[in-house]
Structure formats: structure tokens, C-alpha cells
There are 2 protein chains.
Amino acid sequence: MVVHSLFAELVMNRTSYTTREVILLKSSILFWEKGYAETSMKDIASSCGFRPANIYNYFCNKETILFEILKDEMEAILKPIRKLKGDASINPPDALRKIIENHVRLTLGVRRSSMLLFDVGLGYLSKKNKKKIIQLRDEYDEICREILTRGIQMGFFRKIDVKLVAFSVASIIARSRMWFSPNGKYSVDEYIDFIYDFITRGIISMRR
Amino acid sequence: MVVHSLFAELVMNRTSYTTREVILLKSSILFWEKGYAETSMKDIASSCGFRPANIYNYFCNKETILFEILKDEMEAILKPIRKLKGDASINPPDALRKIIENHVRLTLGVRRSSMLLFDVGLGYLSKKNKKKIIQLRDEYDEICREILTRGIQMGFFRKIDVKLVAFSVASIIARSRMWFSPNGKYSVDEYIDFIYDFITRGIISMRR
DNA sequence: TGAAAGTGAATGGTCGTTCATTCATTATTT
DNA sequence: AAATAATGAATGAACGACCATTCACTTTCA
């Protein structure tokens, strides 16, 4: 079962939510669909079934809601791959595949239309909050780089700039939110296969 | 000489601009730096050296400015590669490299910070204008697909979904706007080399 | 003189946020 | 058990700020 990253551990086996959780859940949907600036407190409130003023009983301002969403989402992406770092018992290619699989599943698992909240949303955060999110993103990059570097040392991967590779992979996945359709030609699993294949083998033919 | 895509043919050998052109130029910079919604008519006007009301002597509204910018930018990306389509005299790998080179140069040529105007901006356009921009984007995709398909037929590339490849390549390039620094480790030329290499050969080593 | 360029003031709207207040529920005290 | 106090949830009204846009006007300049 695939669930929206933000509340992965929360959604399971739950039938009721606190108001705070409802606000986060609804805001997350709206932010992803319409964008942060284009979502008003009125939008959030009415999608929760009450008036804007009530939101301030649970969050001190709009930015805090965005921050909580981005933080939770980033944590959800990070959590399952933290253990991969420095684990010599796992093959770098397998580890890379796990990272891709996890990221794609969380990105496309529950469909939200086309907004790049994660790229754009950082701009609306305070310096302090922005720093915290970027720290998490850096940790993600670090894990990717470690896997890639080890893969090069072990001869699985050729010598290539691991930082650029990590950026490129993340870009492909992040932006697939914009066009991927669960009813389209490919399933999420097939898309994971494509990405891993594309990244590892490239597009060139060996038959010449 | 590398110039900002939007006014590629305009900036060359010009010392004076019409007010209309100044507005487009300044707006483009602001939109890329701060985002469309976050840029006010006051911002645009004061960066042009006059008052907001005067803008309406040249453009009927804010959206039209955005539309003109996106259209010009897309045209600039498209123009140099239109001739590649259906040209049997050029090798598909060379054609692909030309597409990448052109796109990267226009994307990173004149540095604008971190906003993904092109992805996000579509949401602010009217249906009619949105359709026009998407038509241009589709033409770009079509050219990429044609090159890739021909490359497969000729045995240069292995059998792979050309649509997904085109999306992936565009994603890598578009998102490099967010992190690429002209003062950083790599020059634009080196970055073009990396992308072409990464896309064609992948990361896997042949030595195992 | 007349068109083009530019302006200040005003309009109607939306936004995030604050605040005093209501109401039902829960906890505490008598 | 009854009376009282405290609390959390929710509200309507209002605030100040900013927004895109309009319009009647002055200025500029050919």
C-alpha cells in the first residue's frame, strides 16, 4: 500500500485525526495542487470545514504550515534510506535502486497534480526554517553521493561526478510529478525500472 | 557570445530599446528571480524607472507580459533546432548533442537565480495563452522524439521509450537553473559535456 | 498643435492576521 | 450530586497592507 509521504506512518490504521493533522493534510493537497501563494487561509479553512480564524488556534501562521509539510515530506523520503549509508553489506547498484524506488514511490504514490512545491516552496520560508529543510536535503544528497562513490570504488560505476549525478537523478524524479499519470501508459513500478535503467545504462547502443 | 534567450536576436548590436522591450526585459529578470505572483507591477515599473500606470500604455495586463516572455523564450529554444527535424544528413547523436547544447546555453547563459518560471508560470496564463505555449513545448518534444527514434532505427541508441527520455533530459536541464553557478566548479561547456555523457552512457562501468 | 509618454489618485478586491466573544465540554470544588 | 471554574474549538468583524487596474490629468517632444 502506498500512501502520501507526508503522513506515511500516520495514515495507516487510523480513522480519526486531530484538527491539526487535518489542517496539515488538507493544506498539503492544496499547496501541491495550486501552489503555496495561490492557496489562501480561506481555502484551507473551508476545505477543513471551518473559518480561517480557527487555523490560528493550531498554527501561528501560514508559513509554519508549509514548513511542517515540507519537513515531514523530506523526513519521509529520508527515513527509509538512512540505513543505506555506510552499509558495506549492500551492493551500491542495489542501494541506488532502493533510493530511486523509495523516492519515486513517495513522489508519485498519491497523485497530486503539477506543482513543484518542494522547489518553489523554499522561497516562502524564513531563513531559519529554510536552513532546516536544506539540511535534510543535504543529508539526502550525502547518502546518494556516498552510494555512488562506493560504487565507483568497487568498480560498479564508472568515474563520474557523483554530485552532478545525484542532482540529475533527483531532478528527473521531482519533475515527474508534473506529467506522470497513474492511468497512463506506465505503472509506478515500470517507471522505476525505466529510471534505473536510464541512469545506469544510458541510451546508447552497444551494438556498434 | 551568450545572451539571454528571450531577446537573443534583439540584444545583439543594440544600444537602445523601446519602452515595450525594456518592460519585457526587466519583467523577465524579476519573474525569474522572484516568481510571477511575487513580482508586482510596482516592482516592474520601478525597475524600469517609471510608475505602474504607465505599463498599461504598452501591455493590457500583467498576464500578457508573462505570456510574451514565455513565448519568446520558448521560440528562442525552438528556433535553432527546428532544422534538425527530418534532416537525414545529420547523425542522431550529433543532433541530440546540439539540442542539449542549445537548451543548456539558453537556460544557463544569463544567470537568473532559482525560480522555475517555465514550469510554474503556465498556471497563471489564460486557457488560450496556455495552449499556445504548450503547443511550442510539444513541438520541442516532437523534435527530440524524432531524433531519438531515428537514432534507434539507425542503431545508435538502444530501444527505449523516447518520450520518457525526452522528459528526463528536459527535467535535468530545466532544473539545473536552480543550482548551477557560473562561478562554480564547472563551466557551461563542461556541464553540457557531462549531460550528454550521462544521458548517452549512463553511470555503469563496462569493466565488469 | 497634437500625439505619445508618464502621472497621481482612486477603485474594488484579496490577503494574512488579530481579537473579543460565544459555546459546549471538561475539571475542580463545594 | 450540584455548582463553579477553566478550557479548547470556533466564530464574525475588523485591520492594515498590498494588489492589478482605471482614468482623468499633465508633461514631453516632434
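This one's a predicted model, so the numbers in the text were calculated from it and none came from an experiment. (Residues numbered from 1 in each chain as written. Chains lettered and ligands numbered in written order. Predicted model: local features only at pLDDT ≥ 70, side-chain atom pairs only at ≥ 80, totals over all residues. Heavy atoms only, no water.)

1. Comments concerning the nonpolar core
A general feature of soluble globular proteins is that nonpolar side chains tend to end up buried together. By size, the foremost hydrophobic cluster in this structure holds 124 residues, and its most contacted members are Ile65 and Ile100 of chain A together with Ile65 and Ile100 of chain B. The residues contacting isoleucine 100 of chain B, other than those within four sequence positions of it, are Val169, Ile173, Ile192, Ile195, Tyr196 and Ile199 of chain B. (Core = buried A, V, L, I, M, F, W, Y, C linked by side-chain atoms within 4.5 Å. Buried < 20%, exposed > 50% of the residue type's maximum accessible area, 1.4 Å probe, protein only. Contact = heavy atoms within 4.5 Å.)

2. Description of helix H10 (residues 188–201) of chain B
The terminal C-alpha atoms of H10 of chain B, which comprises 14 residues, lie 20 Å apart, in line with the 20 Å expected from a rise of 1.5 Å per residue. Listed in full, the buried residues belonging to H10 of chain B are Tyr191, Ile192, Phe194, Ile195, Tyr196, Phe198, Ile199 and Thr200 of chain B. Elements in contact with the buried residues of H10 of chain B: helix H9 (162–176) and helix H10 (188–201) of chain A together with helix H6 (92–108) and helix H9 (162–176) of chain B. Backbone geometry just downstream of H10 of chain B places glycine 202 of chain B in the positive-phi region, at approximately 70°. (Helix = DSSP H or I, 4+ residues; strand = E, 2+ residues; numbered from the N terminus. Expected span 1.5 Å × (residues − 1).)

3. Overview of the protein's contact with DNA strand C
Close to DNA strand C lie 13 residues; Met41, Tyr56 and Lys62 of chain A together with Phe50 and Arg51 of chain B are nearest. For DNA strand C, the backbone portion of the atoms within 4 Å of the protein, that is sugar and phosphate, comes to 71%. Between DNA strand C and methionine 41 of chain A there is a distance of 2.8 Å, counted from a phosphate oxygen to a backbone nitrogen or oxygen. A distance of 2.8 Å separates a phosphate oxygen of DNA strand C from a polar side-chain atom of lysine 62 of chain A. Residues belonging to the surface near DNA strand C are distributed by class as follows: six nonpolar, five polar and two charged. (Near = heavy atom within 4 Å. Polar contact = N/O pair within 3.5 Å; in protein donor to acceptor, adjacent residues only side chain to side chain. Nonpolar A, V, L, I, M, F, W, Y, C, P; charged D, E, K, R; others polar.)

4. Here's the deal with the protein's contact with DNA strand D
Around DNA strand D, 14 residues are found, and the nearest of them are Phe50, Arg51 and Asn57 of chain A together with Met41 and Tyr56 of chain B. In the interface set of DNA strand D, defined as its atoms within 4 Å of the protein, sugar plus phosphate atoms amount to 72%. Between DNA strand D and asparagine 57 of chain A there is a distance of 2.9 Å, counted from a base nitrogen to a side-chain nitrogen or oxygen. With respect to DNA strand D, the backbone of methionine 41 of chain B contributes an N or O atom lying 2.9 Å from a phosphate oxygen. Among the residues making up the surface near DNA strand D, the classes are represented as six nonpolar, six polar and two charged.

5. Regarding the relation of the copies chain B and chain A
In the superposition of chain B on chain A (RMSD 0.1 Å, axial shift 0.1 Å), the rotation amounts to 180°. Read as a symmetry element, the transformation amounts to a two-fold axis. Every residue of chain B has its C-alpha some distance from the rotation axis, and the shortest such distance is that of glycine 202 of chain B, at 1.8 Å. Interface overlap between copies: 100% of the residues of chain B at the interface are likewise at the interface in chain A, consistent with a symmetric, same-surface contact. (Least-squares fit on C-alpha atoms with pLDDT ≥ 70 in both.)

6. Description of empty space enclosed by the protein
If you walk through the whole model with that rule in mind, you get three cavities of 30 Å³ or more. For the largest cavity, the calculated volume is near 200 Å³. Residue lining of the largest cavity: 23 residues in total, with Glu38, Val120 and Tyr124 of chain A together with Val120 and Tyr124 of chain B positioned closest to the centre. The residue inventory of the lining of the largest cavity, partitioned by class, reads 15 nonpolar, four polar and four charged. Space inside the second largest cavity adds up to approximately 50 Å³. The wall of the second largest cavity is formed by Leu96, Ile99, Tyr140, Cys144, Leu148, Val165, Ala166, Val169 and Ala170 of chain B. Those elements that place two or more of their residues in the lining of the second largest cavity are H6, helix H8 (127–153) and H9 of chain B. It is H9 of chain B that provides the largest number of residues to the lining of the second largest cavity, a total of four residues. (1 Å grid on protein atoms, 1.4 Å probe; cavity = no way out; pocket = protein on both sides within 12 Å on 5 of 7 lines; lining within 4 Å. Points joined across faces, edges and corners; volume = space filled by probe spheres on them.)

7. Some points on H8 of chain B
Residue and element names in this part refer to chain B. The terminal C-alpha atoms of H8, which comprises 27 residues, lie 38 Å apart, in line with the 39 Å expected from a rise of 1.5 Å per residue. By the burial criterion, the buried members of H8 are Asn129, Ile133, Leu136, Tyr140, Asp141, Ile143, Cys144, Ile147, Leu148, Arg150 and Gly151. Elements that come into contact with the buried residues of H8 comprise helix H5 (62–78), H6, helix H7 (117–121) and H9. Note on H8: the residue one or two positions beyond its end, glycine 155, has a positive phi of about 85°.

8. Details of the pattern of salt bridges
A full pass over the atoms with the stated rule returns 32 salt bridges over all chains. One salt bridge in this structure joins aspartate 197 of chain A and arginine 158 of chain B, with 3.0 Å as the shortest N-O distance. Taken together, the positions of aspartate 197 of chain A in helix H10 and arginine 158 of chain B in the loop between H8 and H9 put the pair across two chains. We classify arginine 158 of chain B as buried; its relative accessible area is 11%. Aspartate 189 of chain B is the salt-bridge partner of arginine 105 of chain B, the closest N and O atoms lying 2.6 Å from each other. Remark: aspartate 189 of chain B occurs in helix H10 and arginine 105 of chain B occurs in helix H6; sequence separation between them is 84 residues. (Salt bridge = Lys/Arg side-chain N within 4 Å of Asp/Glu carboxyl O.)

9. Side note on the interface of chain B and chain A
Every contact between the two is made by 42 residues of chain B and, on the other side, 42 residues of chain A. A buried area of about 4,400 Å², summed over both sides, lies between chain B and chain A, and 63% of it is on carbon and sulfur atoms. The largest contributions to the chain B side of the interface with chain A come from Arg158, Arg175 and Ile203 of chain B, which together make up 18% of the buried area. One can count six salt bridges joining chain B with chain A. Residue arginine 175 of chain A is joined to aspartate 119 of chain B by a salt bridge in which the shortest nitrogen-to-oxygen separation is 2.6 Å. Where chain B packs against chain A, one counts 22 residue pairs in polar contact (both at pLDDT 80 or more). Contributing elements (two or more residues each) for the side of chain B that touches chain A: H7, H9 and H10 of chain B. The leading source of residues in the side of chain B that touches chain A is H9 of chain B, at nine residues. (Buried area = accessible area lost by both parts, 1.4 Å probe.)

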